[in-house]
Amino acid sequence: MDVHGTVAEGFEPVRDAFVRNFAALGDRGAAVAVYRDGRRVVDLWGGTRDVDGTEPWERGTAQIMRSATKGVAAAVPLLLHQRGELDLDAPVGEYWPEFKARGKDRVLVRHVLNHRAGLPVLDRPLTPEEALEPSKGPEAVAAQAPVWAPGTDHGYHALTYGWMLDELVRRVTGHGTGEWIASEIAGPLGLDLWLGLPAEEEAAGRTGRVGRIEAPEPAGAGPRLRPKRSVTEAYDDPSSLTRRAFAAITPFPDQNDPAYRAAALPATNGIATAAGLARFYASLIGEVDGVPSLFTPETLAAARTEESAGPDRVLVINTRFGLGYMLHGSASPFLSPGSFGHPGRGGALGFADPESGIAFGYVTNGFRKTVTADPRAQALVRAVRAAQSS
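Rules and cut-offs
Residues numbered from 1 in each chain as written. Predicted model: local features only at pLDDT ≥ 70, side-chain atom pairs only at ≥ 80, totals over all residues. Heavy atoms only, no water. Helix = DSSP H or I, 4+ residues; strand = E, 2+ residues; numbered from the N terminus. Rg over C-alpha atoms; globule rule 2.2 N^0.38 Å. Buried < 20%, exposed > 50% of the residue type's maximum accessible area, 1.4 Å probe, protein only. Areas by Shrake-Rupley, 256 points an atom, 1.4 Å probe, with all protein chains shown as cover. Core = buried A, V, L, I, M, F, W, Y, C linked by side-chain atoms within 4.5 Å. Contact = heavy atoms within 4.5 Å. Expected span 1.5 Å × (residues − 1). Bend = angle between axes of the 7 residues up to and from the residue. Phe/Tyr/Trp six-rings, centres within 6.5 Å; stacked < 30°, edge-to-face > 60°. Lys NZ or Arg CZ within 6 Å of the ring centre and 35° of its normal. Axes fitted to C-alpha atoms, helices over the stretch in contact; angles between N-to-C directions. Parallel < 35°, antiparallel > 145°, perpendicular 65-115°, else oblique. Nonpolar A, V, L, I, M, F, W, Y, C, P; charged D, E, K, R; others polar. Polar contact = N/O pair within 3.5 Å; in protein donor to acceptor, adjacent residues only side chain to side chain.

Colleague: With reference to specific residues and values, describe the overall build of the protein chain.
Modeller: Along the backbone of the protein chain there are 15 helices and 14 strands. Its C-alpha atoms give the protein chain a radius of gyration of 19 Å, near enough to 21 Å, the size a compact globule of 390 residues would have. Counting only C-alpha atoms and orienting by the principal axes, one finds that the protein chain spans roughly 55 × 50 × 40 Å. Buried positions account for 57% of the 390 residues belonging to the protein chain. When the accessible area of the protein chain is evaluated, it comes to approximately 15200 Å², of which 50% is carbon and sulfur surface.

Pasting the structure below:
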């Protein structure tokens, strides 16, 4: 496998791990980038731009991030709070009156971000066509009754998170989350990162085709690790919160459809290069190329202060969340206990580690069955940790 790009001295283990991902873990096309103290120290890419093609992945190839999008989108309400435009402890209905229906008057803005709103499912899932209309998702969530008392427990809001966040941003600013990210974050920082791919970028062929891939058979005679029965049963049971949360759009749209990539779904369809994702996280924790950190120390502390922890009613594993971000833990290991970020189902990962000054981004065109801790991304994280400790 031809791997392209550069690594700074001391970060050679990341290149070695990246090469092994293709040789042993089944990657077909991927990129990884790492920033340290605002400077890019890893920028690697390899394989094919399309999961089912032969054209090479290039420096500027971008991919759908799936739920790694959530970490990017979370910056918007936090920055609005930082500017005094959004109160995290106010009821959502204060900004969005229609949301109060069916016992949701006590859902706070912070409950949306920490997955405690009690709204991970829709009684009537949206069709793919409805999901691409900006108003349909928020309308459906506003009409939905909570499945647990808001604020009393947590469970991953796989898709509904995006509709609640987007409508809050729209009510406060008059703009959708994707527009706000473009003008206030991606534009000033020069990020190859979009929530709602512009027509000119689609025409330029910036985004590769994604698809499902199977994990390779493990080397040697050892058995392949299987999920615990409780997790498997939750994903197999159509009536479980797990299945229903991920089925809030049924059937799920074709992620390679230009119409899907042009839409703005803050829970699941952001598009970025690995460098764009890593640079975004670098900008949350420090200055990047003369642009001051997006987060103040107070906002940074809020983002990574534990708000939810323990058994997740949707993912059926122990998870930890701050405000809009997963926190380092067994479900999604990052670099250290102080790290915060978000994985994407099947592969992608972005996070920041303020104590070490590290920011990380990994994107791939091959989605596996993993939800929060893909082996390819984790191999790269371990390599970054090794480079830091050497």
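Colleague: Mind laying out the nonpolar core, listing which residues take part and the relevant values?
Modeller: Ranked by size, the top nonpolar core spans 81 residues in total, and within it W163, I185, F280, Y281, L284, F295 and Y325 carry the most contacts. Those residues in contact with F280 that sit more than four places away from it in its chain are G71, V72, A75, I185, L191, L193 and Y325. By size, the runner-up hydrophobic cluster in this structure holds 40 residues, among which are V121, W148, L349 and A383.

Colleague: Lay out helix α8 (residues 177–189) with the relevant residues and their values.
Modeller: Here α8 spans 17 Å end to end across 13 residues, near enough to the 18 Å set by a 1.5 Å rise per residue. The largest bend along α8 reaches roughly 35° and is located at S183. For α8, the elements touching its buried residues are α2 (68–82), α7 (160–173), β5 (193–194) and α13 (274–285). G190 occupies a position one or two residues after α8 and carries a positive phi of about 65°.

Colleague: Go over the packing of aromatic side chains with me, naming the residues and quoting the values.
Modeller: The full count for this structure, using the stated rule, is 12 aromatic pairs. With a centroid separation of 5.1 Å and an interplanar angle of 15°, the aromatic rings of F351 and F360 are classed as stacked. Comparing F351 with F360 shows no difference in burial state: the two are buried. Pairwise contacts between aromatic rings join Y156, Y235, F246 and F321 into one cluster. Above the face of the F99 ring, K104 is positioned so that its terminal group lies 5.2 Å from the ring centre. Above the ring of F246, the side-chain terminus of R345 is found at 4.3 Å from the ring centroid.

Colleague: Explain the packing of α7 against α8 to me, and be specific about the residues and the numbers.
Modeller: In the contact formed by α7 and α8, the axes pass within 9 Å of each other and the chain directions differ by 65°. Between α7 and α8, the crossing angle belongs to the class labelled roughly perpendicular. Note on element contacts: α8 touches α7 through T177, E179 and W180, opposite L165, D166, V169, R170 and T173. Among the residues forming the contact of α7 with α8, the class breakdown is 3 nonpolar, 2 polar and 3 charged.

Colleague: Describe the side chain of R116, listing the residues and the values that go with them.
Modeller: Positionally, R116 belongs in the loop between α4 (109–113) and α5 (128–131). In terms of polar contacts, R116 uses its side chain to reach the side chain of S308, at 3.3 Å. The contacts of R116, once residues within four sequence positions are left out, are H111, W148, P150, G151, T152, D153, H154, H157, E307 and S308.

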